[in-house]
Amino acid sequence: MTIKDILVHLGAGEHADSAKVFALQLAARAAAHVTAAAVAFDMPLPTPDAAGMAPDWSLADYETFAKVAEMRRSAAETSYKRFALAAPAGVETEFVLIQSFPEKARDDFARLARHFDLLVIAASNDRGEEPPDAGEASADLISSALFGSGRPLFIVPPAQGGPLRLEKALVCWDGGAQAARALAASMPLLAQARGVEVVCVTGEGERSKNLPGFGITRHLARHGIEAHLRELASSKDVGSALLDHARDIGADFLVMGGYGHWRVSELILGGATRTILAASSLPVFMAH
């Protein structure tokens, strides 16, 4: 697969700027088209009380709702205009606005992402205090796209800046289906990288004679990708061990499977996925 069609979440504020710059630079490098999607959450309308009585709302109240919705649409369009002006020569862009209530908008965003090779989105700016601004990426928005789109994501931290660097890749490998999907989707990037390291994390004292990554490095070699295999024994949790090792070797980006499952209506993230989404200072290429 080649990367020719990129979707970027058009977040608001400085937190999202690195993802937008990353998407444009990646598009220039891959000669790809970029679609910028803004998600503007509507304010929920008042619901009847326990007795079934409709709230006593005036026309002015409903006009206020309409004004807020229009302000969010206008802000999204302004953000896109700035984004398009920043596009490098030769990179074509277009704009999509998703405006709905939070739960439905997140599902709509995931469905939209199915029509692209890759989604670029800023790491979550959730603080656990208040819901993020409508233009910012929330953990729920990222999770919906990761687990509902069937497409890979590049999750970009706010600290990412400067020229695009994808020279050294760290591939997190545990032999699972999610890791296999992430690796397969990342092949165009790995083929252009100058260094690829496949890491298998084990607990202290659990070193194996048959490294689980041997077969996958052989598979990469058959695609012309020379990858070095490393077994990383660590007493830390897998996510922390991977992030520490990425810093030690100077990796430019991580490739890993996204783990989790749905329980009723709640997404339960795997431990390593949760750690890396929350703490990575590097772009993370992730697929489920």
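That block above? That's the structure.
What counts, and where the lines are drawn
- Within each chain, residues carry numbers counting from 1 in the order of the written sequence.
- Local features in this predicted model are restricted to residues whose pLDDT is 70 or higher, and side-chain atom pairs enter the listing and the counts only when it is 80 or higher, whereas totals over whole chains, interfaces and linings include all residues.
- Only hydrogens and water are set aside when side-chain values are computed; all heavy atoms of the structure are taken into account.
- Take a side-chain nitrogen of Lys or Arg and a carboxyl oxygen of Asp or Glu: if they are within 4 Å of each other, that pair is a salt bridge.
- Here a helix means four or more residues in a row that DSSP labels H or I, a strand means two or more in a row labelled E, and each is numbered from the N terminus.
- In this analysis, rings of Phe, Tyr and Trp, with Trp reduced to its six-membered ring, are considered paired at centre separations within 6.5 Å, and the interplanar angle assigns stacked below 30 degrees, edge-to-face beyond 60, and tilted for intermediate values.
- The buried label goes to any residue with under 20% of its type's maximum accessible area, the exposed label to any with over 50%, and the partly exposed label to all in between, with areas taken from a 1.4 Å probe on protein chains only.
- Among the buried residues, those of types Ala, Val, Leu, Ile, Met, Phe, Trp, Tyr and Cys that are joined through side-chain atoms within 4.5 Å form a nonpolar core.
- Here a polar contact means two N or O atoms within 3.5 Å. Within protein one must be a hydrogen donor candidate and the other an acceptor candidate, and residues neighboring in sequence count only if both atoms are side-chain atoms.
- Note on contacts: a residue pair is in contact if any heavy atoms of the two residues lie within 4.5 Å.
- Pairing between two strands requires that DSSP report at least two bridges joining them.
- Interaxial angle, 0 to 180 degrees, is taken between N-to-C directions of lines fitted to C-alpha atoms, where a helix line uses only the stretch in contact.

(A) Structural context of the pattern of salt bridges. The final tally for this structure, using the stated rule, is nine salt bridges. For the salt bridge of Asp-140 with Arg-106, the shortest nitrogen-to-oxygen distance reads 3.7 Å. Here Asp-140, found in helix H4 (residues 139-148), pairs with Arg-106, found in helix H3 (residues 102-113); they are 34 residues apart in sequence, far enough to count as distant.

(B) A look at the packing of aromatic side chains. Per the counting criterion, the structure on display carries five aromatic pairs. With 4.9 Å between their ring centres and 65 degrees between their planes, Phe-22 and Phe-154 make a pair best called edge-to-face. Of this pair, Phe-22 sits in helix H1 (residues 14-30) while Phe-154 sits in strand E5 (residues 153-156), and the two are 132 residues apart along the sequence. Across the pair, Phe-154 and Phe-22 agree in class, each one buried. Grouped by ring-pair contacts, the aromatic residues Phe-22, Phe-154, Phe-253 and Phe-285 constitute a single cluster.

(C) Representation of the nonpolar core in the model. Judged by nonpolar contacts, the single largest core of 49 residues is most densely connected at Leu-26, Val-120, Phe-154 and Leu-190. Element by element, the count of residues in this core is highest for H1, at seven residues. Among the nonpolar cores identified, the runner-up in size contains 37 residues, and Leu-141, Cys-172, Ala-246 and Ala-251 belong to it.

(D) Representation of the side chain of Ser-149 within the structure. For Ser-149, the position within the fold is in the loop between H4 and E5. For Ser-149, a relative accessible area of 5% corresponds to the buried category. A polar contact of 2.5 Å, which involves the side chain of Ser-149, links it to the backbone oxygen of Ala-145. At 3.1 Å, the side chain of Ser-149 and the backbone nitrogen of Arg-151 are in polar contact. The residues touching Ser-149, leaving out its near neighbours within four places in the chain, are Ala-110, Ala-113, Arg-114 and Ser-144.

(E) Highlighting the side chain of Asp-108. Looking at where Asp-108 falls in the secondary structure, it is placed in helix H3. Polar side-chain contacts of Asp-108 include one of 2.3 Å to the side chain of Arg-111. In contact with Asp-108, other than residues within four places in its own chain, are Ile-98 and Ser-100.

(F) Layout of the sheet that holds E5. In space, the 10 strands of this open sheet follow the order E3-E2-E1-E4-E5-E12-E9-E6-E7-E8, with mixed pairing throughout. Edge positions in the sheet fall to strand E3 (93-100) and strand E8 (227-233), since each has one partner strand and no second. On average, each strand axis in the sheet is inclined to that of its neighbour by 25 degrees, with strand direction left out of account. Both E5 and strand E12 (residues 284-287) contribute to a ladder of three bridges, which runs antiparallel. The residue bridging Leu-153 from the neighbouring strand is Met-286, located in E12.

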